[in-house]
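This is what each chain is made of:
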Amino acid sequence: MPGHFITFEGGEGAGKSTQIARLKTYLESMGKSVVVTREPGGSPGAEKIRSMLLSGEARDLGPRGEAMLFAAARADHVDSTIKPALERGDWVLCDRYADSTRVYQGEAGVDIDYLKLLETAAVAGVRPELTILIDVPAKIGLSRVAQRSQSDNSGGPDRFEGDAIAVHERRRQMFLDLAKEEAYRFEVIDGSQDQDRVTTAVQEAVRENFGSDLTHASDKNARTGESSG
Ligand code: TYD
């Protein structure tokens with residue numbers, strides 16, 4: 001597919017959304033067409049499943065059932081949003097993807113082989129070329145989440161934020177282990193440093209991974225240019 005697919009992963013309060021917004025601006029300044037999306041959600045069907053999952057309404061299904069719902073949401077997101085964007089030649093920046101299922105539902109006790117089966121079915125071959133893991137100690141991440149919900153009055157923690165700190169620390173370690181296992185597509189960035197430094201590190205990672213694709217006009221612009229002579 002002519003587009004590019006970058007996912008962002010990390011624990012709660014890692015600063016993914018800030019960095020995704022900044023990367024979007026950076027790519028657009030180079031003439032790229034960028035789609036920002038997130039999971040669970042990112043398409044009308046998947047957003048419905050998102051609210052069931054994050055409200056805790058789906059908790060009674062148990063971790064295996066929740067994993068299936070995350071996979072169902074992902075399948076719709078891939079079909080309705082991600083794949084069409086990549087086919088158009090856009091850059092897709094996605095806040096969480098299949099690695100979050102491996103970590104969150106894996107930590108909750110779901111067998112990894114089962115999770116990989118669901119993943120294969122859900123992603124239908126659409127896998128990220130680059131995954132940026134923003135790593136922060138659970139304590140720092142959770143205090144950012146607490147501050148954020150105080151300032152925007154968004155109420156208490158959601159289904160997953162409310163877990164014990166030891167759970168958050170285990171997820172952090174699982175993300176780091178996964179990044180080691182699949183090092184060919186991961187960049188791990190220290191999210192406890194100043195946000196501007198994180199932004200610089202993200203841009204460096206993108207330049208390293210996509211090199212010449214970045215310095216040229218976007219595929220779309222290049223095609224338009226060619227056809228107009
Ligand atoms: P969200 O409010 O988007 O959190 P964040 O800003 O931290 O990304 O909520 C997504 C929550 O769902 C988050 O706690 C992680 C969890 N999650 C899973 O458990 N499995 C998954 O496959 C995905 C995509 C998210």
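What counts, and at which threshold
Residues numbered from 1 in each chain as written. Predicted model: local features only at pLDDT ≥ 70, side-chain atom pairs only at ≥ 80, totals over all residues. Heavy atoms only, no water. Helix = DSSP H or I, 4+ residues; strand = E, 2+ residues; numbered from the N terminus. Buried < 20%, exposed > 50% of the residue type's maximum accessible area, 1.4 Å probe, protein only. Polar contact = N/O pair within 3.5 Å; in protein donor to acceptor, adjacent residues only side chain to side chain. Contact = heavy atoms within 4.5 Å. pLDDT = per-residue confidence, 0-100. Phe/Tyr/Trp six-rings, centres within 6.5 Å; stacked < 30°, edge-to-face > 60°. Core = buried A, V, L, I, M, F, W, Y, C linked by side-chain atoms within 4.5 Å. Near = heavy atom within 4 Å. Areas by Shrake-Rupley, 256 points an atom, 1.4 Å probe, with all protein chains shown as cover. Axes fitted to C-alpha atoms, helices over the stretch in contact; angles between N-to-C directions. Parallel < 35°, antiparallel > 145°, perpendicular 65-115°, else oblique. Nonpolar A, V, L, I, M, F, W, Y, C, P; charged D, E, K, R; others polar. Expected span 1.5 Å × (residues − 1). Arc of directions from axis to C-beta. Pairing = 2+ DSSP bridges.

On to the side chain of Arg 185, then. Among the secondary structure elements, Arg 185 is positioned in the loop between α7 (165–181) and β5 (186–190). On the accessibility criterion, Arg 185 (7% relative accessible area) is buried. In terms of polar contacts, Arg 185 uses its side chain to reach the side chain of Asp 99, at 2.8 Å. Among the polar contacts made by the side chain of Arg 185, one reaches the side chain of Glu 182 at a distance of 2.7 Å. The contacts of Arg 185, once residues within four sequence positions are left out, are Asp 99, Arg 102, Pro 128, Glu 129, Leu 130 and Thr 131.

In this model, the protein chain carries an average pLDDT of 93, and 94% of its residues clear a pLDDT of 70 or more. Contacts for the low-pLDDT stretch residues 218–229, under 50 throughout, to residues beyond four places or in other chains number ten contacts.

Turning next to the packing of aromatic side chains. Taken as a whole and assessed by the stated rule, the structure comprises five aromatic pairs. Taking 5.0 Å as the distance between ring centres and 85 degrees as the angle between the ring planes, the aromatic pair formed by Phe 5 and Tyr 97 counts as edge-to-face. Here Tyr 97 lies in the loop between β3 (91–95) and α4 (98–107) and Phe 5 lies in strand β1 (residues 4–9), a separation of 92 residues in the sequence. The class for Tyr 97 is buried, based on a relative accessible area of 2%.

The subject of this paragraph is the nonpolar core. Most often, soluble globular proteins have nonpolar side chains that are buried together. Of all hydrophobic cores here, the largest spans 20 residues; its most connected members are Ile 6, Leu 23, Ile 132 and Val 206. Those elements that provide at least two residues to this core are β1, α1 (16–29), β3, β4 (130–135) and α8 (195–215). The biggest single contributor to this core is α8, with five residues. Residues in contact with Leu 23, not counting those within four places in the same chain, are Ile 6, Phe 8, Leu 93, Val 202 and Val 206. Counting residues in each nonpolar core, the second largest holds 16 residues, with Ala 46, Ile 49, Leu 54 and Tyr 104 among its members.

Glu 12, Lys 16, Arg 96, Thr 101 and Gln 105 are the nearest of the 16 residues found near the ligand. The fraction of the free accessible surface of the ligand (550 Å²) that becomes covered by protein chains is 92%. Looking at the shell around the ligand, the elements that each hand over two or more residues are α2 (44–55), α3 (62–88) and α4. Looking at which element gives the most residues to the shell around the ligand, the answer is α4, with four residues.

A few words now on the packing of α3 against α4. Running from N to C, α3 and α4 cross one another at 175 degrees; their axes reach a closest spacing of 11 Å. One element, α3, and the other, α4, form an angle in the roughly antiparallel class. Along its contact with α3, which presents Pro 63, Ala 67, Phe 70 and Arg 74, the element α4 presents Ala 98, Thr 101 and Gln 105. Within the contact of α3 with α4, the residues separate by chemical class into four nonpolar, two polar and one charged.

Glancing now at helix α5 (residues 112–123). Over its twelve residues, α5 runs 16 Å from end to end, which matches the ideal 16 Å to within 8%, given 1.5 Å per residue. Here α5 has its buried residues at Tyr 114, Leu 115, Leu 118, Glu 119, Ala 122 and Val 123. For α5, the angular spread of the buried residues around the axis is 145 degrees, confining them to a single face. For α5, the exposed residues lying more than 90 degrees away from the buried face are Asp 113, Leu 117 and Ala 121.

On to the sheet that holds β1, then. A sheet is described by the order of its strands in space; here five strands give the open sequence β2-β3-β1-β4-β5, paired in parallel fashion. Sheet topology places β2 (34–38) and β5 at the edges, where each strand pairs with a single neighbour. Strand-to-strand twist across the sheet, computed as the mean angle between neighbouring axes with direction ignored, equals 20 degrees. Direction of pairing for β1 relative to β3: parallel, over a ladder of five bridges. Considered in β3, the bridge of Phe 5 is made with Val 92. Packed onto the sheet, α3 meets β1, β2 and β3 and runs at close to 160 degrees relative to β2. Relative to β4, α7 is tilted by about 145 degrees, and along the sheet it contacts β1, β4 and β5.

What follows concerns α2. Between its terminal C-alpha atoms α2 stretches 17 Å, which fits the 16 Å expected from twelve residues at 1.5 Å a residue. Residues of α2 that are buried sit in contact with β2 and α3. Immediately beyond the C-terminal end of α2, within one or two residues, lies Gly 56, with a positive phi of roughly 95 degrees.

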